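Residue-level structure breakdown
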Amino acid sequence: MEQITISEAAQAHFRKLLDTQEEGTNIRIFVVNPGTPNAECGVSYCPPSAVEESDIEMKYDGFSAFVDEISLPFLEEAEIDYVTEELGAQLTLKAPNAKMRKVADDAPLIERVEYVIQTQINPQLASHGGRITLIEITEDGYAVLQFGGGCNGCSMVDVTLKDGVEKQLVGLFPNELKGAKDVTEHQRGEHSYY
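Residues numbered from 1 in each chain as written. Predicted model: local features only at pLDDT ≥ 70, side-chain atom pairs only at ≥ 80, totals over all residues. Heavy atoms only, no water.

Test applied: UniProt positions are given in the numbering used here, feature names are shortened, and annotations may be inferred rather than shown by experiment.
Looking at an unreviewed UniProt entry, one finds the protein chain named Fe/S biogenesis protein NfuA, with Rodentibacter rarus as its source organism. Under the Subunit (unreviewed entry) heading, UniProt states for the protein chain: "Homodimer." The Sequence similarities (unreviewed entry) field of the UniProt record for the protein chain holds the comment "Belongs to the NfuA family."

This is the structure in structure tokens:
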């Protein structure tokens, strides 16, 4: 496991916070509900008494970050930054693999497509209250999807499927996927023609 990327600004922020804590206190980076759609990442103080034998220690300039074994694979490619904006400063933690651990490049197609859906597509759809579920990949190369949440019954679902989801999936898996199909029974208005 590589180090979790902590920007210089974030490291300076952590050193300043840790100066006010008990001697030997470091930080802990963790994921609550890792590998689920409800995964949440966090950072907390980690006094010497809270370090577990199985923790992984990552050394930074002036402090260490401890990560528990369960959270570790879900923090791959994680980045912590300290951003100063007009309204103040805040710590940001991006962990693209928190909801689903990264899959190998040679994993079965269905696993690689599921990973893209969970880590790239569903976070985009979530801003509209929607999500998609991968049902299967057909022998002729189509990802069969089911729309849920805010997407179910949305009049823009066909556009989202063709111009968004399908384009993204075929672009990422050009030699393996031909397209995407929607199996969802969307509620039709009484004046719809199809």
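Structure's up, so let's keep going.
**A few points about the pairing of strand β9 (residues 142–149)**
As a reminder of what qualifies: By the convention used here, strands pair only if DSSP detects at least 2 bridges between them. Secondary structure elements follow DSSP: runs of H or I no shorter than four residues count as helices, runs of E no shorter than two count as strands, and numbering proceeds from the N terminus.
In this sheet, β9 lies alongside strand β8 (residues 130–137) in antiparallel orientation, the contact comprising seven bridges. Bridge pairing in β9 places Ile132 opposite Phe147. Here β8 folds back onto β9 in antiparallel fashion, the turn holding four residues, of which Gly141 has a positive phi close to 90°. With four bridges connecting them, β9 and strand β10 (residues 179–182) associate as parallel partners. Residue pairing across strands places Tyr142 opposite Gly179, the latter belonging to β10.

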